[in-house]
Amino acid sequence: MVVLVRPGLIPLEVGIVHRLFGTALDADDRPLYEVVTCAPEAGEIPTDTDFTLRVGRGPEALEDADTVIVPAAEDDYGPQERGRLDPRVRAALARIPADARVASICTGAFALAAAGLLTGRRATTHWKSCAELRALYPEIDVDPDVLHTEDGNVLTSAGVAAGIDLCLHMIRRDHGAEVANVVARRTVVPPHREGGQAQYIEHPVPEPGGASTAPARLYALEHLGEPLTLGELARRASMSVRTLSRRFKRETGVTPVQWLTHQRIQQACRLLERTDIPVDAIAARTGFGTGSAMRQHFRETLGVSPRAYRNTFRGTA
């Protein structure tokens, strides 16, 4: 895995990649990724702060990369800069193998767009910049309402924190939910925020003294295997169904049904990875009811069947 940094880079975004992928370990505590950093030209690279980074590798590091991540840089900001790409950066991006996975963090999407890597694809960037990305590159399907996107072998994410979500998503895709959860616990970040969650949540935490849907969410997590209705969740939060639905979306960025389905899928993934419990029994235990219902949700959300997921990730944690 190679991180391509550019002049004016945001150090936090580079650190996110090294920290998360660097702490992904196999069952014998061996690193699952080799993460290296390169620049269009090796040497001292200015950041958007008062210090520089010395990068020892040049663009040749990209030629054998299986994954390339492009964080944001200072030149991404400001209409006078967007739509233009430093020829050295363009030449570096051209070295990436055609079958490599390519991802951007925040406004790093502008570099991918300028290089033609997002043409005809669904993508996102920081919510403040989505309208401009769409205006500059109308051939890109820009989605301003998500934390990250995945279109074939190209992934994009929203702001800095969404870069964490994207990295965990990639680890989960590569090595399963349990490995990603361990990385999240070590880093003390939430193990998973659904990629389709809204970027901008009106009230991510409840107002002081105000009612919250947290009691309903806690109850749901403790009773995933049971039939859960909006009426029951509303009673747990001491709200009407209408109020629960409205406040749930304001606090989490998704509807109660979307959130509940996601939690059930995550629990099913953990059971598929850790146990030999039959699929139908896992479906019953996680609230899907039947194996066929669980299979349908898995295909719609993960693109694979529960059996295929188990065969891929069983024993990798």
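All figures in this text were calculated on a predicted structure; none of them were measured in a lab. (Residues numbered from 1 in each chain as written. Predicted model: local features only at pLDDT ≥ 70, side-chain atom pairs only at ≥ 80, totals over all residues. Heavy atoms only, no water.)

**Student:** Please set out unusual backbone geometry residue by residue, giving values where relevant.
**Tutor:** In this structure, Cys106 is a non-glycine residue whose phi angle is positive, near 55 degrees. Positive phi is not limited to glycine here, since Ser238 has a value of about 55 degrees. Overall, Ser238 belongs to the exposed group, its relative accessible area being 70%. (Buried < 20%, exposed > 50% of the residue type's maximum accessible area, 1.4 Å probe, protein only.)

**Student:** So what's going on with the packing of aromatic side chains? Which residues, and what values?
**Tutor:** A complete count under the given rule lists four aromatic pairs for this structure. On the numbers, 4.9 Å between centres and 80 degrees between planes, the contact of Phe21 with Tyr33 is edge-to-face. Here Phe21 is found in helix α1 (residues 11–22), whereas its partner Tyr33 is found in the loop between α1 and β2 (36–38), with 12 residues between them in sequence. Taking the relative accessible area as the measure of exposure, Phe21 reaches 0% and is therefore buried. Feature note: the residues Phe298, Tyr309 and Phe313 constitute an aromatic cluster, connected by ring pairs. (Phe/Tyr/Trp six-rings, centres within 6.5 Å; stacked < 30°, edge-to-face > 60°. Helix = DSSP H or I, 4+ residues; strand = E, 2+ residues; numbered from the N terminus.)

**Student:** Quick rundown of the side chain of Ser305? Include the residues and the values.
**Tutor:** Within the secondary structure, Ser305 sits in the loop between α12 (291–301) and α13 (306–313). A polar atom in the side chain of Ser305 sits 3.1 Å from the backbone nitrogen of Ala308. Excluding residues that lie within four positions of it along the chain, Ser305 makes contacts with Phe298 and Arg299. (Polar contact = N/O pair within 3.5 Å; in protein donor to acceptor, adjacent residues only side chain to side chain. Contact = heavy atoms within 4.5 Å.)

**Student:** I'd like to hear about the packing of helix α10 (residues 256–274) against α13, residue by residue, with values.
**Tutor:** Taken N-terminus to C-terminus, the directions of α10 and α13 make an angle of 50 degrees; their axes are 8 Å apart at the nearest point. Comparing the axis directions of α10 and α13 gives the class oblique. In this structure, α10 crosses over α13, and the sense of that crossing is right-handed. Each of Cys269, Leu271, Leu272 and Glu273 in α10 lies in contact with α13, whose residues at this interface are Pro306, Tyr309, Arg310 and Phe313. Of the residues that constitute the contact of α10 with α13, the class distribution is six nonpolar, no polar and two charged. (Axes fitted to C-alpha atoms, helices over the stretch in contact; angles between N-to-C directions. Parallel < 35°, antiparallel > 145°, perpendicular 65-115°, else oblique. Left-handed = near helix turned anticlockwise from the far one by under 90°. Nonpolar A, V, L, I, M, F, W, Y, C, P; charged D, E, K, R; others polar.)

**Student:** Could you give an account of a nonpolar patch on the surface, naming the residues involved and the relevant values?
**Tutor:** On the surface, a nonpolar cluster with roughly 220 Å² of combined accessible area is contributed by Leu230, Val241 and Val257. Tracing the chain through its elements places Val257 in helix α10. Relative accessible area serves as the criterion here: at 53%, Val257 is assigned to the exposed category. (Patch = residues over 30% accessible without salt bridge, like charges linked within 9 Å, V, L, I, M, F, W, Y side chains within 5 Å. Areas by Shrake-Rupley, 256 points an atom, 1.4 Å probe, with all protein chains shown as cover. Salt bridge = Lys/Arg side-chain N within 4 Å of Asp/Glu carboxyl O.)

**Student:** Go over the nonpolar core, please, and point to the residues and values.
**Tutor:** If you look at soluble globular proteins, the nonpolar side chains tend to sit buried side by side. Of all hydrophobic cores here, the largest spans 32 residues; its most connected members are Val17, Phe21, Ile69 and Ile171. Contributing elements (two or more residues each) for this core: α1, α5 (160–175) and α6 (177–187). Look past the residues within four positions of Ile69 in its chain and what remains in contact with it is Met1, Val2, Val3, Leu4, Val17, Phe21, Ala103, Ile105 and Met170. Core analysis: the second largest hydrophobic core is formed by 30 residues, Ile96, Ala109, Leu118 and Val154 among them. (Core = buried A, V, L, I, M, F, W, Y, C linked by side-chain atoms within 4.5 Å.)

**Student:** Describe in detail the pairing of strand β10 (residues 154–157), supporting the description with residues and values.
**Tutor:** Neither face of β10 is left uncovered, since the one carrying Val154 and Thr156 and the one carrying Leu155 and Ser157 both have all their residues buried. Pairing geometry for strand β9 (residues 148–151) and β10, over four bridges, is antiparallel. Within β10, the residue paired with His148 across the bridge is Ser157. Taking the residues that link successive antiparallel strands as the turn, the β9-β10 hairpin has two residues, and the phi of Gly152 there is positive, at about 65 degrees. (Pairing = 2+ DSSP bridges.)

Any functional reading would require information that these geometric values do not contain.
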